[in-house]
Amino acid sequence: MSIDTTKDILGQILAQVAEHARDHHEACEQLPILPAKPVSASSMAALGLTGSGIGLEATFQELMSTLVPSLPNSVGPRYFSLVTGGVTPAALVADWLTTVYDQNSILATQNVYSGQTQIEHQACEMFVSLLDLPTTQFRAILTTGSTASNIEAVALGRQWLGATKFGIDYSQDGYDGQVVVLTNRAHATVYKAASMLGIGRKQVHEMMGHLEDEGVLESKLQELARQGKAVMVVLGFGEVNTGIFPRPGAVQRIAELCRQHGAFLHIDGAFGAFARCSPSYAELADGLELADSITVCGHKWLNVPYDCGFFIVRRDLERDLERVFSSSAAYLKPVPGVPTHPMNLSIENSQRMRALAVWATLRAYGRAGYQKIVEDNCRFAKTMHHWMKVERPDLWTVLEEECPLNIVVFQATSPPNKPAAEEEKELEAEARRQEAVVKALNDTGVAAFSGTVWKSRPAIRAAISNWRTNIGKDWEIVRKVLETVGEQFKF
Ligand SMILES: *Cc1c(COP(=O)(O)O)cnc(C)c1O
């Protein structure tokens, strides 16, 4: 079937989509977390590619009857699995328009330039400013997410260290294996970046909180210098299981040591950087401005649609970044007077115009809007943490004494005086039990949590990062679920 260009069919269907979107916008507050009709491999088998195609109308029917009902309600207010975020109304509207106009940001380098880069530039500046970072000192570029941002960071750190330590341009001459990455509660994607970039996962040394201890980093830097190594330090700002940050004052000390020893400092603040949106939490993320580069997620706490991330870099490092990522071709001429195109500062050439959703949500809700989202979400997490720790420790055990931000890590309470013998078997049994608890919680359909391991203990995690989540509306519902499932698994 050839593509039907009859306007009214498309118009009718788009109107139905709009109606569905509006209904879902309200319904997602109450809909179960898990899909009503999960799609199976066998039901999909009948819906594959055919010779002639089935046309728009029939496809729309299949989308609405089979595919869409199989999607979980992760935009709802009680989806606490991973750090998922939602989509603000302004971001949703702008994201639709992004698809309608299907801009490739790369077009801004060509003779059809009409301001796309300017929009992207302003969206990025607004974001840097939201995080209370000086726009004179930092510039942001859009990425597909924090994975890509961490890859950019490790690539930039490697390039800069090659130039400053060894006088080598790795982007031209290749990498010769002298960079070590020291990390403090780093995300798994830092290892992925090290693997992809030829540094190697084994050259990433996770030091947990010890990197913050007086003297530890200094002696490590001296030891590595004696071995002729160059060092990149990666700090986690908001550890994924707990939301933990470095201790007050630690970042300032670490940054000063990095400066003295010529080490590169990257901070992964995928969601933690948003602490700076609220005066009540900003102190946690103090020192972010001392980094050479910063990772932040858009599709998490900014509540724009997947996929969107930010790589924020000190402006005086932009040339090094460009050496790594520039993509020169005869048909990709820059526009004079326009800031360096993101294509030459990031992984992809062709890029979706993510800037429209970022710009719209920041313009619509401003600093106060994001302060409220952060504070509502953190208050929710703290309420859950306090309730578990103080009111119902018989049902739930929190695995961290404090809940600094928006994440609670906990377990269904285990029986006291567990026998020490056969510890490994004990641990396996415990892991199975906690997994069963997560399943029971998620099967209620009311809230979703994820399983994890924290300090070698099987654990459950709730990450609150959706603009919809609110104590007044959602806490009683969640508390009841935690009570019911907790009683079910109580010893
Ligand atoms: C989520 C996360 C990442 C990875 O981000 P993606 O958006 O999944 O690519 C990296 N670092 C931290 C701290 C994160 O929370």
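In this report, the structure presented in the accompanying data block is examined. (Residues numbered from 1 in each chain as written. Predicted model: local features only at pLDDT ≥ 70, side-chain atom pairs only at ≥ 80, totals over all residues. Heavy atoms only, no water.)

Helix and strand counts for the protein come out as 14 helices and 11 strands. The C-alpha atoms of the protein give a radius of gyration of 24 Å, which matches the 23 Å a tight globule of 491 residues would have. With the C-alpha coordinates of the protein rotated into their principal frame, the extents come out at 70 × 60 × 45 Å. Buried positions account for 48% of the 491 residues belonging to the protein. Approximately 22700 Å² of the protein is accessible, and the part contributed by carbon and sulfur atoms is 55%. With 46 positive and 55 negative side-chain charges, the protein shows a spacing of 1 Å between the two charge centroids. (Helix = DSSP H or I, 4+ residues; strand = E, 2+ residues; numbered from the N terminus. Rg over C-alpha atoms; globule rule 2.2 N^0.38 Å. Buried < 20%, exposed > 50% of the residue type's maximum accessible area, 1.4 Å probe, protein only. Areas by Shrake-Rupley, 256 points an atom, 1.4 Å probe, with all protein chains shown as cover. Lys, Arg positive; Asp, Glu negative; His and termini not counted. Charge placed at Lys NZ, Arg CZ, Asp CG, Glu CD.)

Scanning all chains against the criterion turns up 12 aromatic pairs. Look at Phe237 and Phe245: their rings are 5.6 Å apart centre to centre, the planes differ by 70 degrees, and that puts the pair in the edge-to-face class. An angle of 85 degrees between the planes, with centres 5.8 Å apart, marks the rings of Phe380 and Trp475 as edge-to-face. Remark: Trp475 occurs in helix α14 (residues 471–488) and Phe380 occurs in helix α12 (residues 355–391); sequence separation between them is 95 residues. Take Phe380 and Trp475: they sit in the same class, and that class is buried. Three or more aromatic residues joined by ring pairs form one cluster here, namely Phe80, Phe380, Trp387, Trp396, Phe410, Phe449 and Trp475. The ring of Tyr175 has Arg158 lying over it, and the distance from NZ or CZ to the ring centre is 5.5 Å. (Phe/Tyr/Trp six-rings, centres within 6.5 Å; stacked < 30°, edge-to-face > 60°. Lys NZ or Arg CZ within 6 Å of the ring centre and 35° of its normal.)

This part covers the site of the ligand. Around the ligand there are 13 residues in total, and Ser146, Thr147, Asp268, His299 and Lys300 lie nearest to it. At 2.4 Å, a side-chain N or O of Thr147 approaches an oxygen atom of the ligand. Contact between the ligand and Lys300: an oxygen atom at 2.7 Å from a side-chain N or O atom of the residue. About the coverage of the ligand: the protein hides 83% of its 380 Å² of free accessible area. The dominant element in the shell around the ligand, judged by the number of residues it contributes, is helix α6 (residues 146–166), at three residues. Class assignment for the residues of the shell around the ligand results in four nonpolar, seven polar and two charged. (Near = heavy atom within 4 Å. Polar contact = N/O pair within 3.5 Å; in protein donor to acceptor, adjacent residues only side chain to side chain. Nonpolar A, V, L, I, M, F, W, Y, C, P; charged D, E, K, R; others polar.)

Note on placement: Asn442 falls in helix α13 (residues 423–443). Residue Asn442 is classed as buried on the basis of its relative accessible area, which comes to 15%. With residues up to four places along the chain from it excluded, the contact list for Asn442 reads Leu34, Ala447, Ala448 and Phe449. (Contact = heavy atoms within 4.5 Å.)

With that settled, the discussion passes to the nonpolar core. Counting 63 residues, the largest nonpolar core has Phe127, Val233, Leu302, Phe310 and Ile312 as its most contacted members. Among the elements that take part in this core, α12 stands out by supplying nine residues, more than any other. When residues of this core are assigned to domains, at least three fall in each of domain 1 (96–361) and domain 2 (369–488). The contacts of Val233, once residues within four sequence positions are left out, are Leu182, Leu211, Leu217, Ile254, Cys258, Phe264, Leu265 and His266. (Core = buried A, V, L, I, M, F, W, Y, C linked by side-chain atoms within 4.5 Å. Domains from an automatic or database assignment.)

Next up on the list: unusual backbone geometry. Along the chain, Tyr306 connects to Asp307 via a cis peptide bond; the corresponding omega equals -10 degrees. Along the polypeptide, Asp307 turns up in the loop between β6 (293–297) and β7 (309–314). The phi dihedral of Arg185 falls on the positive side, at around 55 degrees, and the residue is not glycine. Along the polypeptide, Arg185 turns up in the loop between β2 (179–184) and α8 (188–196). One non-glycine residue, Met208, lies in the positive phi region at around 45 degrees. For Met208, the location among the structural elements is in the loop between β3 (204–206) and α9 (216–226).

Let us look at the sheet that holds β7. The sheet built from seven strands is open, its strands ordered β1-β7-β6-β5-β4-β2-β3 with mixed pairing. A single partner strand is all that each edge strand has here, and the edge strands are β1 (138–143) and β3. Strand-to-strand twist of the sheet, defined as the mean angle between neighbouring strand axes without regard to direction, takes the value 20 degrees. Judged from the five bridges that link them, strand β4 (residues 230–236) and strand β5 (residues 264–268) form a sheet pairing that is parallel. Within the sheet, the bridge partner assigned to Leu235 lies in β5 and is Ile267. (Pairing = 2+ DSSP bridges. Axes fitted to C-alpha atoms, helices over the stretch in contact; angles between N-to-C directions.)

We now examine α13. In this model, α13 (21 residues) spans 30 Å end to end at C-alpha, consistent with the 30 Å of a helix rising 1.5 Å per residue. Inspection of α13 places Glu430, Arg433, Gln434, Val437, Val438, Ala440, Leu441 and Asn442 among the buried residues, and these make up the whole buried set. Looking at the packing, one finds that the buried side of α13 touches β8 (396–398), β9 (407–412), β10 (450–454), β11 (457–463) and α14. (Expected span 1.5 Å × (residues − 1).)

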